[in-house]
Structure formats: structure tokens, C-alpha cells
Amino acid sequence: MKDFYTRNEYVLLKTDYVNKIVYLNDDEFVGDEYEINVKHTGEIVIYANNERGRNYALESLEEFISVDKVLICTLHDKPSFILRGIIEGFYGKPYTKKERLDIIDFCVRTKLNTYFYAPKDDLYHRMNWRDLYPEVELNNLKDLIDYAKERNIDFYYCIAPGNDFDYCLEEDYEKFFKKIKQIMDLGVNKFALLMDDIPLKLTDEQAKRFETVGNAHAYLSNVMYDYLRNELKDFNLLMCPTDYFQLGETPYRTDLMKSIYSEIGIFWTGYNTVSEKIDERQAKKINKVLGKNLYLWDNYPVNDFWCKERVYLGAISNRSVNLCNYHMGYVCNPAWLWNLSKIPLHTMAQYAYDSSSYYEQDALKNAIEDLIEEDYQNAFESLCWYSSSGVIEENHFDTVMSELYKEKNFKVLDKIYKEMEYVSRKLRTYPDKDMLEELTPLLDYMDLEVSLYKGLKKHKIDPKIIKKMTSLVARTSNQEILRYIKNNNLVDFEIELTEKRMNYWRYLDEEKL
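### Notes on empty space enclosed by the protein
All chains considered together, the criterion is met by one cavity of 30 Å³ or more. Taken together, Lys14, Tyr17, Lys20, Ile21, Gly42, Glu43 and Ile44 form the lining of the largest cavity. Residue classes in the lining of the largest cavity are distributed as three nonpolar, one polar and three charged.

### Quick look at the pairing of strand S8 (residues 114–117)
Here S8 shows no split at all, with Thr114 and Phe116 on one side and Tyr115 and Tyr117 on the other all buried. Alignment of strand S7 (residues 83–88) against S8, held across four bridges, turns out to be parallel. When the sheet's bridge partners are listed, Gly85 is paired in S8 with Thr114. Since S7 and S8 lie parallel, the crossover through helix H2 (residues 97–110) that links them has a hand, and here it is right-handed. Of the pairings in the sheet, the one linking S8 to strand S9 (residues 154–159) comprises four bridges and is parallel in character.

### Details of the nonpolar core
Phe155, Tyr157, Phe176, Phe191, Leu228, Phe380 and Ile481 are the most contacted members of the largest nonpolar core, which has 136 residues in total. A total of eleven residues in this core trace back to one element, the largest contributor, which is helix H14 (residues 433–457). Look past the residues within four positions of Ile481 in its chain and what remains in contact with it is Tyr405, Tyr417, Glu449, Leu452, Tyr453, Leu456 and Met469. Grouped together as the second largest cluster of nonpolar side chains are 20 residues, Ile21, Ile46, Leu71 and Leu75 included.

### Topic: the sheet that holds strand S13 (residues 294–301)
Spatially, the eight strands close up into a barrel ordered S7-S8-S9-S10-S11-S12-S13-S14, and their pairing is parallel. Each strand axis lies, on average, 25 degrees off the axis of its neighbour in the sheet, ignoring direction. Across the sheet, helix H6 (residues 213–231) touches S9, strand S10 (190–194) and strand S11 (236–240), and the angle it forms with S11 is around 165 degrees.

Conventions adopted
- As a convention, each chain's residues are numbered from 1 in the sequence order in which they are written.
- Local features in this predicted model are restricted to residues whose pLDDT is 70 or higher, and side-chain atom pairs enter the listing and the counts only when it is 80 or higher, whereas totals over whole chains, interfaces and linings include all residues.
- To obtain the side-chain values, all non-hydrogen atoms of the structure were used and water was disregarded.
- The method works on a 1 Å grid over the protein atoms by themselves. A cavity is a set of points holding a 1.4 Å probe that cannot get out, a pocket is an open set with protein on both sides within 12 Å along at least five of seven lines, and residues with an atom within 4 Å of a point line them.
- Grid points are joined across faces, edges and corners, and a volume is the space filled by probe spheres set on the points.
- Three categories are distinguished: nonpolar for Ala, Val, Leu, Ile, Met, Phe, Trp, Tyr, Cys and Pro, charged for Asp, Glu, Lys and Arg, and polar for the others, with Gly belonging to the last.
- A 1.4 Å probe rolled over the protein chains alone gives each residue an accessible area, and that area as a share of the maximum for its type sets the label: buried under 20%, exposed over 50%, partly exposed in between.
- Runs of H or I in DSSP of at least four residues are treated as helices and runs of E of at least two as strands, each being numbered from the N terminus.
- Two strands pair if DSSP finds at least two bridges between them.
- Note on handedness: a clockwise path from strand one over the helix to strand two, with the strands aimed away from the viewer, defines a right-handed crossover.
- In plain words, nonpolar cores are sets of buried Ala, Val, Leu, Ile, Met, Phe, Trp, Tyr and Cys residues tied together by side-chain atoms within 4.5 Å.
- Contact definition: two residues touch when any of their heavy atoms are within 4.5 Å.
- A fitted line through C-alpha atoms serves as each axis, taken over the contacting stretch for helices, and the angle formed by two N-to-C directions is quoted from 0 to 180°.

The structure is reproduced here in C-alpha cells:
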């Protein structure tokens, strides 16, 4: 949120002004908060408590400079969320080293300040958590950590031992701390313990000692915190509980929060794993359950759930502007297609930095203008419409296409498919090879859909096209042409449609969640 004051007067800019800026701390500032004060004498004072805040201030200062003059003004800027980040926390093939380095650059570009290393399919993070990283993997991790430090992005290492950790076995604690020490030696002082997606059960021996899973998880969290406190002067620890969604109390949450240290931050994902909306009422309710050291893990635009071939390119929506008053941080979980994920992630970064002025249509436009080559921006806007959310809210493109097919309005459908054909042709010439590689299956789907539509108009439907469409690894949101063909029995074989993800919003209205 920004406060800006000026009389619209300018003063001559001092020679070599960058090296003459006065930097001061303000004990009341939090996180990346900063203030710029340009005085009538030409002196420039920047208040900030960290390097990121100073860098943000220098970026903003450029807006007030006109050739050899600078605007006399005061600007105070405080990001909505203290921690704003990306968590690589999806199931499936983890990102490459190149993609992870690009994540760090993306965070800098969009004023996110944190990266969480938590790929579910990194064996050393989850399934083989007891094993130390081999030399090659460790060196790759070190390069990433060093680069994050160089770019002033906070790095969290996440570990997920919950599938088979023995809370009664001293040897497991020793291996656990040895693993943490290996990462600590790379210069990491921020960690997260992830106990998500595991069974809520204990062995007889564990139950005899801890009674409940919540007690056992609180104990492990606390001993991890104690270990970090003994080894490091400055550190932070977050924890993702097994009950990471829902709004109210659960027996697990009650036991966990009864014993876990208040200094340990707690993740939740909203009332559901992927939440269609998160409003202020829900935030107030969860604060009473999980405390105020709370971090929102927003599972968007991740697509490692049903249906996995869908790609979500719409802006984040249905998030209260006041969530920052109830959360210490906001983190986004991207999809396996990193370059395409940048578009919705950019909108989430805008929300995280300044929730009060967030408007999803403007945010998507800003994202496309910032990330996409100018000559391709209109085509990308269309692609984002074809592949908008459908998770957070009902997909508008799906709704439009459904109505058009019901009405058999082929005149309008002709125009839509003509545009789709152009968009595909245009985007196939996109200059960035990494982006083009991710775009290709989406464009293939669009081309197949156009071909199928042309066949439909001529009453010559090619079954091979349908089979190809339903076998691609990624697709746009629309399946209405397939539904139309299936419902009207226009082919003599069964078409397998991927059903839309159930919308759980109505359960909220019925207070079932």
C-alpha cells in the first residue's frame, strides 16, 4: 500500500545523486517497507531496514526523475504481505536447474521475496529424506542457494519426512538433524517441515508415547526448532500440518496447536486444497484455530490434481484484500510448466505486494505486458481466455462455448475458431524456445479442435482427431465441441471427457466446510 505526497515542484538533481542518497533505518518498518523523502534542497533520504527495501525505493525513485530534475515528494510503500513467495511444491517432474534459477530472477522482477524448495518428487526431500544429497545434487542445490543470496531472495529448504518417520526411534532424529546440517552448511537458515499428504496414524509404540498424531508432529516441530536455535543465531521455521485445509478445529489441529511453539509459522491452503475463495471471515476463523503466525499456501496455478492436462492461465481471483491482516506470508504453488505458470504467478505477485489495489483484469494485462514480447501480447490474451481458471471460478470461455453449441450458433463459432487458428499460427513463431516448447501441446490441441470443427461443419468427423485431442499432455479448458459430438451421437465410439473439477463453494454456503 502506497502513500504519496507532493506539491508537484521539482528541484535540480545533484550530480552523482545515487552515491549521495542518505540511507536510514526505521525501527517501526516491517519487512521490505520503505520511504523516500526528496527535500527541497535536493537531498534524498531513503528509510528501509533491508537491502530489498532499499532496492525497491531506488526503483520507485526513478519514476520521480525528469532529465536533471527530481520531484519534491514523500513516498511511503509497505507491501501487503511480509513474506511473498513461490513454493515448488507440486507432484511430478521437478523443475530443472535452469528453471529454478529463472524462478529467482522472476521473484526479483515481480517483488516476490522468497523461494521454497519443496519438489514432491525430489527423493531426498521426501521419500529418501534420511539420505544425504550426493555430490552432484548437492552442488546444484548450492548453486541455487548462492544465486538466491546474490539476488537477495530468501531461500527456504523444505523437508518432508512424515511418510515413515519413527517418532520413537533416536536414529531417525539423528539422521534428520544430519540432513538439516548438510543443508545448513550450504548457508541456509530458513527451513520448513512439511507433514502434508501423509496418513494420520501412529504405530502402537508411538501412540503409547505421544497418544495422537498432532502431539507427535508438534514434538518433531519443536525439536527441529530447538536444533536450529542451538546451531544458528538467526533462523526461521515454518510447518505444514497434515490438516492443512478446512476452516475449523480438528482433533489433529487441537493437539498440534496445544504443544507447538508459537514461533513456528503454520501453513494452510484455505478451506480446501484449492480454494475457490478465501475471504476475511474465513481468515478470522482460521486465526482462532491456527494462531496468527499463519502463512497462506495458495495452490494455484498448480495442476497436479484432477485434471492434470489442464493448464490454468487466468489471474488469481476471489482473495480478500484484507488477508494480509491475518497472514504473515503468501506463497504460490506453480504448475510443472514453469514458463506458462509465470503469467498467473505474476498476477499473484501483484496481489501479494498490493492487495488493496488488485483488480484481476488489470493484473492479467500487466502480466502479459511485462512478460510477453509486444508483438505476441494480443495472441497471449486470447490464449489466456481459452485457458482461464476454471478452478477458482467458472471458466468464462467454457460458458460461452457451451451456450453457443447449445444454440447451434455456428456464425459466432466460425469467428471464434478463425481467431483460434490465427492465435495458434502466431504463437508457433514465439521467439523464446522454452516458452514455445510449453506452448506446443496447447497449440496442438487448438489446431486439432479447429480441424474437428471444420469436419463437423462438413459432416465429416475424423475419429483420429478426437483420439489425439484426448491424449495430449496439456490442453486448453474447452471440451464443448467433444461434448456436443458425444451428446448428439455423431460418432460410433465412446468419447472420454475429462470432467471439470467439482466446485466446493456451495459447501461453504451450506456451512459444511
